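Chain and residue survey
Take a look at the letters that make up each chain.
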Amino acid sequence: PKSVTVTADNKSKVFGEADPKLTAKVDGTLGDDTVEYALTREEGEAVGEYAITASGKAEQGNYSVTYVAGTLTITSKVIDKDGKNVEVNSPTDHEYDSKAHKWSPTVTDTKTGKELVAGTDYSVTYSSDLVNAGTVKVMVAGLGNYTGSFTKTYKITKRSVTLTSATVSKVYDGSALTNTDIAVS
């Protein structure tokens, strides 16, 4: 028998997408001759590499067939704030009230509709004070099957305070009129 090699083609996809069609190259057949084979891939959907196996009978008519595996590579999905791969709720501004105001993003994969899990699929990092007035920058970065990052901001605005002194009067005697009673609102 003539030697024939069936080599599974390497493939790739981004996490969460459907598998590409599995294909193979056949080397060594003559004319319009063909050999029969099947292609399967190792199970798994996480980021990583999975074997693509070509298989079939070793002896097929005038051919002795050898099978060579390929690889399916699943790459990380990029987290972005533009809605291409994920949707993210927006942070809201707060007025100073002496409490910490942490924005907890809700991140949803736009292709699968799956809500991502903080600490597993993404991390959240705050750039500044979450209590006092100012701008808070929040970086959301991919973890595990997701990669990339984006930054959102929100503000803690200054609180308005009104100081009102109590009404006071006196008969003029040449000294200053003073009042130490002040109402804060």
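Residues numbered from 1 in each chain as written. Predicted model: local features only at pLDDT ≥ 70, side-chain atom pairs only at ≥ 80, totals over all residues. Heavy atoms only, no water.

**Thoughts on the overall build of the chain**
- Assigned secondary structure in the chain consists of zero helices and 18 strands.
- Compactness check: the chain gives a C-alpha radius of gyration of 33 Å against a globular reference of 16 Å for 185 residues, more than 25% above the reference.
- With the C-alpha coordinates aligned to their principal axes, the bounding extent of the chain is approximately 125 × 20 × 20 Å.
- Per-residue burial for the chain yields a buried fraction of 24% across its 185 residues.
- Excluding contacts between residues fewer than 6 apart, the proportion of contacts in the chain whose partners are at least 24 apart in sequence is 50%.
- Across the chain, the 20 positively charged side chains and the 24 negatively charged ones have centroids separated by 6 Å. (Helix = DSSP H or I, 4+ residues; strand = E, 2+ residues; numbered from the N terminus. Rg over C-alpha atoms; globule rule 2.2 N^0.38 Å. Buried < 20%, exposed > 50% of the residue type's maximum accessible area, 1.4 Å probe, protein only. Contact = heavy atoms within 4.5 Å. Lys, Arg positive; Asp, Glu negative; His and termini not counted. Charge placed at Lys NZ, Arg CZ, Asp CG, Glu CD.)

**Here we look at the pairing of strand 14 (residues 134-142)**
- Note that strand 13 (residues 122-126) and strand 14 share five bridges and pair antiparallel. Bridging across to strand 14, Val124 finds its partner in Val140.
- Here strand 14 runs beside strand 16 (residues 149-157); their pairing, made up of eight bridges, is antiparallel. Residue Val138 lies in a different strand from strand 16, and its bridge partner there is Lys152. (Pairing = 2+ DSSP bridges.)

**Observations concerning a nonpolar patch on the surface**
- A cluster of nonpolar side chains, contributed by Val161, Leu163, Ile182 and Val184, occupies part of the molecular surface with about 420 Å² of accessible area.
- Of note, Val184 is situated in strand 18 (residues 182-184).
- A relative accessible area of 61% means that Val184 is categorised as exposed. (Patch = residues over 30% accessible without salt bridge, like charges linked within 9 Å, V, L, I, M, F, W, Y side chains within 5 Å. Areas by Shrake-Rupley, 256 points an atom, 1.4 Å probe, with all protein chains shown as cover. Salt bridge = Lys/Arg side-chain N within 4 Å of Asp/Glu carboxyl O.)

**Some remarks on the pattern of salt bridges**
- Counting across every chain of the model gives eight salt bridges.
- Taking the shortest distance from any N to any O, the salt bridge between Asp19 and Lys13 comes out at 2.7 Å.
- Residue Lys13 is classed as buried on the basis of its relative accessible area of 5%.
- Across the pair Lys114 and Asp121 runs a salt bridge whose closest N-O atoms are separated by 3.4 Å.
- On the basis of relative accessibility, which here comes to 5%, the residue Asp121 falls in the buried class.
- Connected through shared salt-bridge partners, Lys13, Asp19, Arg41 and Glu45 make up one network.

**Describing the sheet that holds strand 7 (residues 63-68)**
- Overall, mixed pairing links the four strands, which are arranged 3-1-7-6 in an open sheet. The open sheet has two edge strands with one neighbour each: strand 3 (24-27) and strand 6 (59-60).
- Alignment of strand 6 against strand 7, held across two bridges, turns out to be antiparallel. Residue pairing in the sheet places Glu59 in a bridge with Ser64 of strand 7.

**Observations concerning the confidence of the model for the chain**
- With 97% of its residues at a pLDDT of 70 or more, the chain has an overall mean of 89.
- Across the chain, strand 4 (residues 38-41) holds the top mean pLDDT of 98, while strand 18 sits lowest at 78. (pLDDT = per-residue confidence, 0-100.)

**Overview of the nonpolar core**
- Within the largest apolar cluster, 28 residues are counted, with the highest numbers of intra-cluster contacts made by Ile79, Val107 and Leu116.
- Elements supplying a minimum of two residues to this core: strand 1 (2-8), strand 5 (48-55), strand 7, strand 8 (70-75), strand 10 (86-88), strand 14 and strand 16.
- Residue contacts for Ile79: discarding those within four places in its chain leaves Val86, Leu116, Asp121, Tyr122, Ala141, Gly142, Tyr146, Thr147, Gly148, Ser149 and Phe150. (Core = buried A, V, L, I, M, F, W, Y, C linked by side-chain atoms within 4.5 Å.)

**What to know about the sheet that holds strand 4**
- Strand order in the open sheet made by the four strands is 2-8-5-4, with mixed pairing throughout. Here the strands that pair on one side only, and so sit at the sheet edges, are strand 2 (11-14) and strand 4. Across the sheet, the mean angle separating the axes of adjacent strands is 20° when strand polarity is ignored.
- Bridge analysis of strand 2 against strand 8 gives four bridges, and the strand direction is parallel. Bridge pairing in strand 8 places Lys11 opposite Leu72. (Axes fitted to C-alpha atoms, helices over the stretch in contact; angles between N-to-C directions.)

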